Amino acid sequence: MTRITEQILAVPSNYLYPEWSAEAGKQHANWLGADHISDDHQTLALSVHAWLIQIAGKVILIDTASGNAKQRPLNPVFHELNSPWMDNLRAAGVTPEQVDYVVITHLHVDHVGWNTVQRNGKWVPTFPNATYLFSRAEYDFYSDPANVEDPSVGVFEDSVQPIVEAGLVRWIETEAKGLIPGLGFHMTKGHSHAHYSFSLASGDALALFTGDVMHHPIQVKTPQWNSVFCEFGADAQRSRLWALNYAADRDALFFTSHFAGSSVGRVRRLDNQFEWIAQ
Ligand SMILES: [Zn+2]
């Protein structure tokens, strides 16, 4: 598995987590380390990236970051990006034509952007030979502009609908089972309407790709904290606990979408809490 990074953001701690406290910063800064929290504890680092998986001769992307040249006037950190994300993918040895599957956790701005690129003024699929896996429930919900929160305005039109119109989507709920051997689909709603996590079993190894179930490793210790971007708070808390328990019970490798230092780790239980063992 290779992390294909788009950018690293510094987000004010007390903005990302409404329940943030100076006390929490003091308590957790040491084990988090400089990759994840600033010296003064005022900002938290978040990575934006996709995961590249090459298994059994297939090339799979989990999520596609934010994309270049997208118009996001309400969201400066994703507006008209010109990041080296595609160069990073090519440096990992993969061309867009070689991608077989694009598996999407949810339809927010920073997870679907490279689904499309602009050609002759139109947004067209970046990965023309890929099958894209979306949740139908997620698609239906965000097809109504009234349900789209400010950071993701425009995303459905330029990064989601063109893939559906190109006929490249298979719906997770009804069409995806068995397409990719070993891939399991787990509804982890809350951060978004129908957010999914994905397990991947290969031999004795098990991985869990958790999208935005968590944004930062501090949430392993404070799983009751939702980020400011979580749309359905109680569901998001339940899904976070589900994912932590799933990984701890099975010793699964836990792949995150936004942890900035190491984005991969194992979850262990310690004194009635979880702890994060970065890999
Ligand atoms: Zn995200």
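Preceding this paragraph is the structure being described.
None of the values given here were measured: they were computed from a predicted structure.

Peer 1: Honestly, the sheet that holds strand 9 (residues 183-187) in this entry has me stumped. Any pointers?
Peer 2: Think of a sheet as strands paired side by side through backbone hydrogen bonds, with each pair either parallel or antiparallel. Pairing in this open sheet of 6 strands is mixed, and the strands run 9-10-11-12-13-14 from one edge to the other. Of all the strands in the sheet, the pair left with one neighbour each is strand 9 and strand 14 (273-278). Direction aside, neighbouring strands of the sheet carry axes that sit 30 degrees apart on average. Relative to strand 12 (residues 253-255), strand 11 (residues 205-209) is paired through 3 bridges, and the arrangement is parallel. In the strand pairing of strand 12, Ala207 is matched with Leu253. On the sheet, helix 8 (residues 233-250) packs against strand 9, strand 10 (196-202), strand 11, strand 12, strand 13 (264-270) and strand 14 and is oriented at approximately 85 degrees with respect to strand 13.

Peer 1: What is the right way to read the coordination of the zinc ion from this model?
Peer 2: Tetrahedral metal sites with four donors have an ideal angle of 109.5 degrees; octahedral sites with six donors have ideal angles of 90 or 180 degrees. For the zinc ion, the full set of protein donor atoms is Asp110 (OD), His111 (NE2), Asp212 (OD) and His258 (NE2), and the range of their distances to it is 2.0 to 2.3 Å. One way to put it: the 4 donor atoms around the zinc ion meet at angles of 84 to 162 degrees, and that makes the site irregular. Of note, the donors binding the zinc ion are all from one chain and are spaced D-H-x100-D-x45-H. Separated by 101 residues along the polypeptide, His111 in helix 4 (residues 109-112) and Asp212 in the loop between strand 11 and helix 7 (218-221) bring together distant segments of the chain. Pair check on accessibility: His111 and Asp212 agree, each one buried.

Peer 1: What's the story with the pattern of salt bridges in this structure? I'm lost.
Peer 2: As enumerated under the stated definition, the model contains 7 salt bridges in all. A salt bridge links Asp158 to Lys70, with the shortest nitrogen-to-oxygen separation between them at 4.0 Å. One end of the pair, Asp158, is in helix 6 (residues 155-165); the other, Lys70, is in the loop between strand 3 (58-62) and helix 3 (85-91), and 88 residues separate them in sequence. By the burial criterion, Asp158 is buried, and Lys70 matches it. With a shortest N-O distance of 3.5 Å, Arg268 and Asp251 are connected by a salt bridge. Note that Arg268 is positioned in strand 13 and Asp251 in the loop between helix 8 and strand 12, a separation of 17 residues in sequence. Of the residues examined, Asp251 reaches a relative accessible area of 38% and is grouped as partly exposed. Several salt bridges share partner residues, and in doing so they unite Lys70, Arg72 and Asp158 into one network.

Peer 1: What exactly am I supposed to notice about the packing of aromatic side chains here?
Peer 2: When we look at a pair of aromatic rings, we describe it by the centre distance and by the angle of the planes. Applying the stated criterion across every chain, the model contains 16 aromatic pairs. Residues Tyr17 and Trp225 carry aromatic rings whose centres are separated by 5.4 Å and whose planes lie at 40 degrees to one another, so their mutual orientation is tilted. Pair noted here: Tyr17 is in the loop between helix 1 (13-16) and helix 2 (22-32) and Trp225 is in the loop between helix 7 and helix 8, with a separation of 208 residues, a long-range link. No difference in accessibility class separates Tyr17 from Trp225, as the two residues are buried. Centroid distance Tyr132 to Phe134: 6.3 Å. Interplanar angle 85 degrees. Geometry classified as edge-to-face. Residue Tyr132 is classed as buried on the basis of its relative accessible area, which comes to 0%. The class of Phe134 is buried, set by a relative accessible area of 0%.

What counts and what doesn't
Residues numbered from 1 in each chain as written. Predicted model: local features only at pLDDT ≥ 70, side-chain atom pairs only at ≥ 80, totals over all residues. Heavy atoms only, no water. Pairing = 2+ DSSP bridges. Helix = DSSP H or I, 4+ residues; strand = E, 2+ residues; numbered from the N terminus. Axes fitted to C-alpha atoms, helices over the stretch in contact; angles between N-to-C directions. Contact = heavy atoms within 4.5 Å. Donors = N, O, S within 2.8 Å, 3.2 Å for Na, K, Ca; no water. Tetrahedral: all angles 85-135°; square planar, octahedral: opposite > 155°, others 65-115°. Buried < 20%, exposed > 50% of the residue type's maximum accessible area, 1.4 Å probe, protein only. Salt bridge = Lys/Arg side-chain N within 4 Å of Asp/Glu carboxyl O. Phe/Tyr/Trp six-rings, centres within 6.5 Å; stacked < 30°, edge-to-face > 60°.

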